[in-house]
Amino acid sequence: RHLSQNEITRLTAVLRDHPQRTSADAILIMMLTGARRSEVLKATWDQFDLDTGIWIKPSAHTKQRRLHRVPISAAAVDLLRRRQVDSEGAFVFPGSDPSKPLTEVKRIWATVCREAGLSEWAPVQTRDGHIKQDEAGADIYAWRSTVRLHDLRHTYASILASQGLSLPIIGALLGHTQPQTTARYAHLLDDPLREATERAARAISSNGQGVNRTFDRAEPGSKA
């Protein structure tokens, strides 16, 4: 699942105003870079060159166990520079102990999703799929997010695809080492490719009476 533009707008608005800045900023960086949660939460300042806008993720932090050097956007750089002003340790997103990284953002994510309208009031299920009930036998309900943190990575990829970027570029930004991993996003390229072919068709058809009309009548000397 990837978020719609309207959902992105609502989510970022809530995150920008959230009082727990460390967790909110960590989620914003996930949105802005498509990085995995573990890569963001474990990030240290020495991984970033903010002057050139480069993030070098060490192999120990990536799923592929390979160093991943990737450019980051101006928006991401601005957010990191703001955090750097008050930074007290090595970690970009420290926990309650500045010498240790933030380990989880689940609770904040649940709150943010509810405020952004990305949650639903649904029955609570056990791991085996049964609905939990109270002592009176009534179903127990709770707010449940309709978006996972990992869906932010899918959303980032879908935005890149919608801009017409190629699968190799998308894979490079996401840190994929195997083409087949990025291939799951191939269908997202349909819309920009369709728009491109429609533009070509409009350009061809705009000359004279259009392409289709040339086939409405037989050419001189041909059999009908």
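Above this text is the structure in question.
Residues numbered from 1 in each chain as written. Predicted model: local features only at pLDDT ≥ 70, side-chain atom pairs only at ≥ 80, totals over all residues. Heavy atoms only, no water.

J.: Would you mind showing me how to read the overall build of the protein here?
T.: Helix and strand counts for the protein come out as nine helices and five strands. Taking all 224 residues of the protein together, the buried fraction comes to 36%. Pairs at least 24 apart in sequence give 54% of the contacts found in the protein among residues at least 6 apart. When the accessible surface of the protein is totalled, it reaches about 14,100 Å², and 51% of it is carbon and sulfur. (Helix = DSSP H or I, 4+ residues; strand = E, 2+ residues; numbered from the N terminus. Buried < 20%, exposed > 50% of the residue type's maximum accessible area, 1.4 Å probe, protein only. Contact = heavy atoms within 4.5 Å. Areas by Shrake-Rupley, 256 points an atom, 1.4 Å probe, with all protein chains shown as cover.)

J.: Quick question: what am I supposed to make of the pairing of strand E3 (residues 68–71) here?
T.: Successive residues of a regular strand alternate their side chains across the two faces of the sheet. Burial along E3 is one-sided: the face carrying His-68 and Val-70 is buried and the face carrying Arg-69 and Pro-71 is not. Inspection of the sheet shows strand E2 (residues 54–57) paired to E3 by four bridges, in the antiparallel sense. Bridge assignment links Ile-54 to a residue of E3, and that residue is Pro-71. (Pairing = 2+ DSSP bridges.)

J.: Where do I start with the nonpolar core in this structure?
T.: Note on soluble globular proteins: their nonpolar side chains tend to be buried together. Leu-11 and Leu-152 are the most contacted members of the largest nonpolar core, which totals 49 residues. Contributing elements (two or more residues each) for this core: helix H1 (5–17), helix H2 (21–33), helix H3 (37–41), helix H4 (74–85), helix H5 (106–115), helix H6 (151–162) and helix H7 (167–174). Looking at this core element by element, the count peaks at seven residues for H2. Residues contacting Leu-152, with those up to four places away along its chain left out, are Leu-3, Leu-11, Ile-27, Met-30, Met-31 and Trp-109. (Core = buried A, V, L, I, M, F, W, Y, C linked by side-chain atoms within 4.5 Å.)

J.: It is not clear to me how the packing of H6 against H7 should be interpreted in this structure. Could you clarify?
T.: How two helices pack is summed up by the angle between their axes together with the distance between the axes. Following both chains from N to C, one finds H6 and H7 inclined at 150°, their axes separated by 10 Å at the closest point. Regarding the angle of H6 to H7, the classification is roughly antiparallel. When you trace H6 past H7, the crossing you get is right-handed. Contact residues: H6 offers Arg-153, Tyr-156, Ala-157, Leu-160 and Ala-161, while H7 offers Ile-170, Leu-173 and Leu-174. Partitioned by chemical class, the residues of the contact of H6 with H7 number seven nonpolar, no polar and one charged. (Axes fitted to C-alpha atoms, helices over the stretch in contact; angles between N-to-C directions. Parallel < 35°, antiparallel > 145°, perpendicular 65-115°, else oblique. Left-handed = near helix turned anticlockwise from the far one by under 90°. Nonpolar A, V, L, I, M, F, W, Y, C, P; charged D, E, K, R; others polar.)

J.: Honestly, the sheet that holds E3 in this entry has me stumped. Any pointers?
T.: Strand pairs in the sheet, formed through backbone hydrogen bonds, run parallel or antiparallel to each other. What the three strands build is an open sheet, ordered E1-E2-E3; its pairing is antiparallel. On the outer flanks of this sheet lie strand E1 (48–49) and E3, each paired with one strand and no other. Pairing between E1 and E2: two bridges, direction antiparallel. Bridging from a neighbouring strand, Phe-48 pairs with Trp-55 of E2.

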